[in-house]
Amino acid sequence: MVDAPLRDALAHLLRDEGDRLFGLALRVTRDPDLARDAVQSAFAAALASADGFRGDAALSTWLYRITYNKAVDALRARAREVPLPEDDEPLDAPGLAHAPSPWADPERALDGRRLRAELEAALIELTPLQRAVFDLREVEGLPTSEVATRLGLGEGAVRAQLHRARLRLRARLGSRSAKEER
Amino acid sequence: MNCEELLTRLTDYSEGAADADLCAAIERHLRECTNCEGVRADLERLSRLCRTCDPPRLPDDARADIERLLRGDPR
């Protein structure tokens, strides 16, 4: 039997954080159906694990973590993506930095809608973890410490994954720009 | 500091995780190296671009399903 305070706390979280949880799951899976399943599964798991929650903050943190895990599980289950680069793959920072700037073309630089669409497409380059870190830090604007808490990582690991994500996305966007100019 | 070192530490710098000596070394390099300064500026632009993305919304029917789950209603 699940206690009423937990149900109430989860209902509040659904109202306040539901869109953000979905955003995280969507960024990781890049599939709206998988993302909604991940969020639903996360709430079901929270409801089934009534022990150990003391207050909304802990519950919120746990929900983010389980949503991320459910999203990754869903990705693996469906196996839709070609093998992704590993999270700990060596970073060729100088090589990535050689890509042309995505903002080199003034006309393109001013087209925010186009750049956002290209950014979404470029996210396929990242690992699921990098997408999650990137979403929480860059899109949601959470501080590094909060991203670390929500994903169960150390702050150094968050910065490392964020850096990889940023350099890869810049390189991908820049390469795309260079191809179009040819 | 050379370009390779700088390019591996840029996010530590922008996230405020670099100590004073490292910050000074990074800033000195950035003043002297237009390529690295260009990358730094691009990463800043990338962050700004992300802030303008429309946040996705949990679909209403998914929200309703979860509300039912939380109320303990049968489907």
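Attention here is on the structure that accompanies the text. (Residues numbered from 1 in each chain as written. Chains lettered and ligands numbered in written order. Predicted model: local features only at pLDDT ≥ 70, side-chain atom pairs only at ≥ 80, totals over all residues. Heavy atoms only, no water.)

### Some remarks on the layout of surface pockets
All names here are of chain A.
Point 1. Looking at the second largest pocket, its volume works out to about 260 Å³.
Point 2. At the level of secondary structure, the elements contributing two or more residues to the lining of the second largest pocket comprise α1 (4-29) and α6 (112-122).
Point 3. Along the lines of polarity and charge, the residues of the lining of the second largest pocket split into six nonpolar, one polar and five charged.
Point 4. If you count residues domain by domain, the lining of the second largest pocket takes at least three from each of domain 1 (4-78) and domain 2 (93-181). (1 Å grid on protein atoms, 1.4 Å probe; cavity = no way out; pocket = protein on both sides within 12 Å on 5 of 7 lines; lining within 4 Å. Points joined across faces, edges and corners; volume = space filled by probe spheres on them. Helix = DSSP H or I, 4+ residues; strand = E, 2+ residues; numbered from the N terminus. Nonpolar A, V, L, I, M, F, W, Y, C, P; charged D, E, K, R; others polar. Domains from an automatic or database assignment.)

### Comments concerning the packing of aromatic side chains
Point 1. Summed over all chains, the structure comprises zero aromatic pairs over all chains.
Point 2. Its end group placed over the ring of Y64(A), R150(A) keeps NZ or CZ at 4.1 Å from the ring centre. (Phe/Tyr/Trp six-rings, centres within 6.5 Å; stacked < 30°, edge-to-face > 60°. Lys NZ or Arg CZ within 6 Å of the ring centre and 35° of its normal.)

### Quick word on the interface of chain B and chain A
Point 1. Between chain B and chain A, the residue contacts involve 35 residues of the former and 40 residues of the latter.
Point 2. Where chain B meets chain A, there are nine salt bridges.
Point 3. Summed over the shared surface of chain B and chain A, the number is 19 residue pairs in polar contact (both at pLDDT 80 or more).
Point 4. Counting only elements with at least two residues in the side of chain B that touches chain A, the list comes to α1 (3-14), α3 (34-51) and α4 (60-71) of chain B.
Point 5. When its residues are assigned to classes, the side of chain B that touches chain A shows 16 nonpolar, six polar and 13 charged. (Contact = heavy atoms within 4.5 Å. Salt bridge = Lys/Arg side-chain N within 4 Å of Asp/Glu carboxyl O. Polar contact = N/O pair within 3.5 Å; in protein donor to acceptor, adjacent residues only side chain to side chain.)

### Quick look at the pattern of salt bridges
Point 1. One pass over the full model with this rule turns up 27 salt bridges over all chains.
Point 2. One salt bridge in this structure joins E17(A) and R20(A), with 3.5 Å as the shortest N-O distance. Remark: R20(A) and E17(A) occur in helix α1; sequence separation between them is three residues, near one turn of the helix.
Point 3. Classification of E17(A) by relative accessible area gives buried; the value is 15%.
Point 4. For R20(A), a relative accessible area of 37% corresponds to the partly exposed category.
Point 5. With a closest N to O distance of 4.0 Å, R76(A) and D73(A) form a salt bridge. Of the two residues, R76(A) and D73(A) both sit in helix α3 (residues 56-78), three residues apart, roughly one turn of that helix.
Point 6. Salt bridges sharing common partners tie together R137(A), E138(A), R166(A), E15(B) and R51(B). (Buried < 20%, exposed > 50% of the residue type's maximum accessible area, 1.4 Å probe, protein only.)

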